[in-house]
Each structure stands twice: as C-alpha cells, then as structure tokens.
Amino acid sequence: MKLTLVGAGPGDPELITLKGIKALKQAAVVMYDALVHPDLLDYCRPDALKVYVGKRINEYSCTQEEINPLIVHYAQTYGHVVRLKGGDSFIFGRGYEEMEYARQYGVETEVIPGLSSSYAVPALAGIPLTTRGVSESFWVVTGTTKTGQLSQDLQKAAQSTATVVILMGMHKLAEIMEVFGECGKADLPVAIVQNGSLSEEQVITGQVSTIVERVASSGIGSPAIIVVGEVARLRELQLADLQQAIANPN
C-alpha cells in the first residue's frame, strides 16, 4: 500500500516534474483535483482508476473528510495511489493532512513536490517576487482560512515592505485591499493573474485603491493569484518597453 503526493504545478501540463510523471505511470489509482490539467491524466496507465475529488466554491465537491478515507480505501484495495494536486501539495494543498491520515492505517507515503503557483505564476507573467533594490522578501498568504475569515497574518504582511502573494483570495478581494489601504498602502501596485501559465491567462494591474473596480469591469475571477507590492509595477514597465521597441524598431 502506498500513497504518493504529486504536485502538478501551476496549470501548464509541461510544468510537472519528471518524477511526477513517473509516479502517474505507475499508479493504480489517481485521485486528482480541480486545478489539475486534464492532459496530465494521459500519463496514467491504461487500467488506472481516475477519481475526481476537486473542490470549487459554489460547486458540489468532495470534502476533506471524504477524501482522506477514500485514499486509504483505494490504497488497501488497489495498492498504489497518486494524489495529484495543483501547484505543490504542501503549500495550502492539505497534503500533509492526507499523508498523516494514510500513515495511521499503515500506508507508505512519498512526496513529489511541484512548482507552486505562488511564485511560478507571477514569474511567467513577468513579475519577480524579489529583485534587488525593489523587494528583499515575500509572503505567501491564504485568502481563505478554515473559519472563513481573513488570515491574521495578512495584517502583518501588509505592514511590511515585502511582496505579498495571496492565494484563494479573489472572493475576498475587497476585504484584502481594505487591509492594505488601512496600512497606508492605497497607492501600492497590485497585479492579478487568472489561469496563470495557460493560454487563457489574463493579467489585470492597478493599485490597492483601484484594483477592485478594475477586476469588476474586466470580469476576471478565480482561479487567480494576487500579487501586492512594488514588483507588480515591473510588468507594466516591461510592456511599455516592448511597445516602445515595436513603435521605434530602429
């Protein structure tokens, strides 16, 4: 009996690791999430059982309390189970909870990390989370805690000079921006990247004081990464340089 937690990366199926692909080819059962690209299931062996256990706001989905015993059931029945999760399973992925639950029933466990959307998506959009003279560090904060409230860490992050990345926060965008505004950061640049790494990627930029209105008018929504900090301005500078180069090729 074995459980392998595999991080699928930020969305683009080419961004999964080679070790992750190897695990998919070996597994008897693959339990996958909503943010996993369907092309990754092509790596599964022909007789593998593929089980969707995604979670989405306002849609029926499996609860964690249902997923945990399912993992044990499939491991006991079929042998090797791969739990395929978007991003990295140990960054707001509840992977550790699943691993600990499986271990209680004697299931061997392995972790194969994935590229986290927290840094990969901004990078692919031309936004470095740190760069000399602009940002020395970054926070990664969840926009959704188990109580439904904003994380208390967000207030501390907003008071710092670090880049702040918020995951799963689009449904609380106005509240999140209010926290930054109350810290005197109304003019701080913000970038929001929806469907990062995919062909349908969309990027909206603005400031703490304007981003909520811009998002409303654009129709952008989840899944999306929120980046707050001076580094968000760098994308606009890159686009401006590119437009200038196109306009003045010589």
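Details of the structure are given in the entry above.
Residues numbered from 1 in each chain as written. Predicted model: local features only at pLDDT ≥ 70, side-chain atom pairs only at ≥ 80, totals over all residues. Heavy atoms only, no water.

### A closer look at a nonpolar patch on the surface
Stage number 1. Among the surface-exposed residues, Phe 90, Tyr 96 and Val 111 lie close enough to one another that they form a single nonpolar patch of about 280 Å² accessible area.
Stage number 2. In this structure, Val 111 sits in strand β5 (residues 108-112).
Stage number 3. Assessed through its relative accessible area of 31%, Val 111 is described here as partly exposed. (Patch = residues over 30% accessible without salt bridge, like charges linked within 9 Å, V, L, I, M, F, W, Y side chains within 5 Å. Areas by Shrake-Rupley, 256 points an atom, 1.4 Å probe, with all protein chains shown as cover. Salt bridge = Lys/Arg side-chain N within 4 Å of Asp/Glu carboxyl O. Helix = DSSP H or I, 4+ residues; strand = E, 2+ residues; numbered from the N terminus. Buried < 20%, exposed > 50% of the residue type's maximum accessible area, 1.4 Å probe, protein only.)

### So, the packing of aromatic side chains
Stage number 1. By the definition in use, this model includes four aromatic pairs.
Stage number 2. A ring pair is formed by Tyr 101 and Tyr 105, whose centres lie 5.2 Å apart and whose planes are at 35°; its orientation type is tilted.
Stage number 3. When its relative accessible area of 42% is taken as the criterion, Tyr 105 is described as partly exposed. (Phe/Tyr/Trp six-rings, centres within 6.5 Å; stacked < 30°, edge-to-face > 60°.)

### Topic: the pattern of salt bridges
Pairing is possible between side chains that carry opposite charge, provided their charged atoms lie close to one another.
Stage number 1. Here the structure, examined in full by the defined rule, presents ten salt bridges.
Stage number 2. Across the salt bridge formed by Asp 47 and Arg 45, the nearest N and O atoms sit 2.8 Å from each other.
Stage number 3. Under the relative-accessibility criterion, Arg 45 is labelled partly exposed at 30%.
Stage number 4. A salt bridge links Arg 94 to Glu 97, with the shortest nitrogen-to-oxygen separation between them at 3.0 Å.

### Things to note about the layout of surface pockets
Stage number 1. A volume near 1600 Å³ is recorded for the largest pocket.
Stage number 2. Taken together, 45 residues form the lining of the largest pocket, with Leu 35, Lys 55, Phe 92, Leu 167 and Met 168 sitting closest to its centre.
Stage number 3. Those elements giving two or more residues to the lining of the largest pocket turn out to be α2 (64-78), β4 (80-85), α4 (117-124) and β10 (224-228).
Stage number 4. Grouping the constituent residues of the lining of the largest pocket by class yields 16 nonpolar, 18 polar and eleven charged. (1 Å grid on protein atoms, 1.4 Å probe; cavity = no way out; pocket = protein on both sides within 12 Å on 5 of 7 lines; lining within 4 Å. Points joined across faces, edges and corners; volume = space filled by probe spheres on them. Nonpolar A, V, L, I, M, F, W, Y, C, P; charged D, E, K, R; others polar.)

### With respect to the sheet that holds strand β9 (residues 202-207)
Stage number 1. Here we have five strands laid out as an open sheet, ordered β6-β7-β10-β8-β9, and mixed in their pairing. Pairing within the sheet leaves two strands with one partner each, and these edge strands are β6 (138-142) and β9. Each strand of the sheet is rotated relative to its neighbour by a mean of 20°, with strand direction disregarded.
Stage number 2. Of the pairings in the sheet, the one linking strand β7 (residues 163-167) to β10 comprises four bridges and is antiparallel in character. Residue pairing across strands places Leu 167 opposite Ile 225, the latter belonging to β10.
Stage number 3. Each of β7, β8 (189-194) and β10 is contacted by helix α6 (residues 173-182), which is oriented at about 10° to β10, the strand it contacts most.
Stage number 4. Of the strands in this sheet, β8 and β9 touch helix α7 (residues 211-218), which is tilted by about 150° from β9. (Pairing = 2+ DSSP bridges. Axes fitted to C-alpha atoms, helices over the stretch in contact; angles between N-to-C directions. Contact = heavy atoms within 4.5 Å.)

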